[in-house]
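Residue-level listing of the chains:
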Amino acid sequence: MRGTIKTEYDEIYSAYADLLYRLALSHLKNSYDAEDAVQETFIAYFYHKGTFADDNHRKAWLVRVLLNKCTDHIRKSTRVKMVEIDDSVAAKNDQDDGVFNMVMALEEKYKTPFLLYYFEGFDIKETASILKLTVSAVKMRLKRGREMLKTALGDETE
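Criteria and thresholds
- Residues numbered from 1 in each chain as written.
- Predicted model: local features only at pLDDT ≥ 70, side-chain atom pairs only at ≥ 80, totals over all residues.
- Heavy atoms only, no water.
- Phe/Tyr/Trp six-rings, centres within 6.5 Å; stacked < 30°, edge-to-face > 60°.
- Buried < 20%, exposed > 50% of the residue type's maximum accessible area, 1.4 Å probe, protein only.
- Lys NZ or Arg CZ within 6 Å of the ring centre and 35° of its normal.
- Axes fitted to C-alpha atoms, helices over the stretch in contact; angles between N-to-C directions.
- Helix = DSSP H or I, 4+ residues; strand = E, 2+ residues; numbered from the N terminus.
- Parallel < 35°, antiparallel > 145°, perpendicular 65-115°, else oblique.
- Left-handed = near helix turned anticlockwise from the far one by under 90°.
- Contact = heavy atoms within 4.5 Å.
- 1 Å grid on protein atoms, 1.4 Å probe; cavity = no way out; pocket = protein on both sides within 12 Å on 5 of 7 lines; lining within 4 Å.
- Points joined across faces, edges and corners; volume = space filled by probe spheres on them.
- Nonpolar A, V, L, I, M, F, W, Y, C, P; charged D, E, K, R; others polar.
- Core = buried A, V, L, I, M, F, W, Y, C linked by side-chain atoms within 4.5 Å.
- Patch = residues over 30% accessible without salt bridge, like charges linked within 9 Å, V, L, I, M, F, W, Y side chains within 5 Å.
- Areas by Shrake-Rupley, 256 points an atom, 1.4 Å probe, with all protein chains shown as cover.
- Salt bridge = Lys/Arg side-chain N within 4 Å of Asp/Glu carboxyl O.
- Arc of directions from axis to C-beta.

Caption draft 1: Layout of the packing of aromatic side chains. Here the structure, examined in full by the defined rule, presents nine aromatic pairs. Consider the rings of tyrosine 45 and phenylalanine 52, whose centres lie 5.9 Å apart with planes at 15 degrees: the pair is stacked. Phenylalanine 52 sits in the buried class, given a relative accessible area of 17%. Here tyrosine 117 and tyrosine 118 contribute two aromatic rings whose centre-to-centre distance is 4.7 Å and whose plane-to-plane angle is 85 degrees, an arrangement assigned as edge-to-face. For lysine 59, the ring lying beneath its charged end belongs to phenylalanine 122, and the centroid distance is 4.7 Å.

Caption draft 2: Looking closely at the packing of helix H6 (residues 108-119) against helix H7 (residues 124-131). Packing of H6 against H7 leaves a shortest axis separation of 9 Å and a crossing angle of 135 degrees. The orientation of H6 with respect to H7, classified from their angle, is oblique. Seen along the crossing, H6 lies across H7 with a hand that is right-handed. Of H7, the residues touching H6 (which contributes Thr112, Pro113, Leu116 and Tyr117) are Ile124, Thr127, Ile130 and Leu131.

Caption draft 3: A look at the layout of surface pockets. By volume, the largest pocket amounts to about 230 Å³. Of all the secondary-structure elements, those providing two or more residues to the lining of the largest pocket are helix H3 (55-76) and H6. Considering each element in turn, the lining of the largest pocket owes the most residues, five residues, to H3. Here the residues of the lining of the largest pocket are counted per class, giving five nonpolar, three polar and four charged.

Caption draft 4: Spotlight on the nonpolar core. Leu20, Val63, Leu66 and Ile130 are the most contacted members of the largest nonpolar core, which has 39 residues in total. Elements with a minimum of two residues in this core: helix H1 (2-28), helix H2 (31-47), H3, helix H5 (97-105), H6, H7 and helix H8 (135-157). With nine residues, H1 is the largest single contributor of residues to this core. Residues within four places of leucine 66 in sequence aside, it is in contact with Leu20, Leu23, Ala24, Ala37, Val38 and Thr41.

Caption draft 5: Up close: a nonpolar patch on the surface. On the surface, Ile43, Phe46 and Tyr47 cluster together into a nonpolar patch covering about 340 Å² of accessible area. The topology assignment puts tyrosine 47 in helix H2. When its relative accessible area of 56% is taken as the criterion, tyrosine 47 is described as exposed.

Caption draft 6: Representation of H7 in the model. All buried positions along H7 are accounted for by Ile124, Thr127, Ala128, Ile130 and Leu131. Down the axis, H7 shows its buried residues gathered within 165 degrees of arc, on one side only. Among the exposed residues of H7, those pointing more than 90 degrees away from its buried face are Lys125 and Ser129. Lysine 132 sits one or two positions beyond H7 and adopts a positive phi of about 55 degrees.

Set out below in structure tokens:
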């Protein structure tokens, strides 16, 4: 019995730890705080009594809990340390470092939908559900984020 439970949690951890860490790091800008947020998320999962309809439901739940943990950490923190994100994180996303850094510089309300949709592969409906926004709000934030990036890219080429 114990081996089965451990194996289930190991599989869930293996499947989602990298995704959660990248998201936490993008919000908290500190690897130690990001690791704490991921750990707290998995602790919440361990104690979660509900069931999940499918793997996408589980993934969305984990992301939502993680984002809440990040928000809680930022609120409780007396000061937010600004640390550059490692290049390895950008490389993991298989994106150009310059564009990734520009995305990371966006306001939180534009950055989070961008990361979930473009970097982590959630569709618009899933992104809206995770962020507790309407589908049209997510679409608008993605549109405005793209416009900001386009403007920033235009400024660099001039």
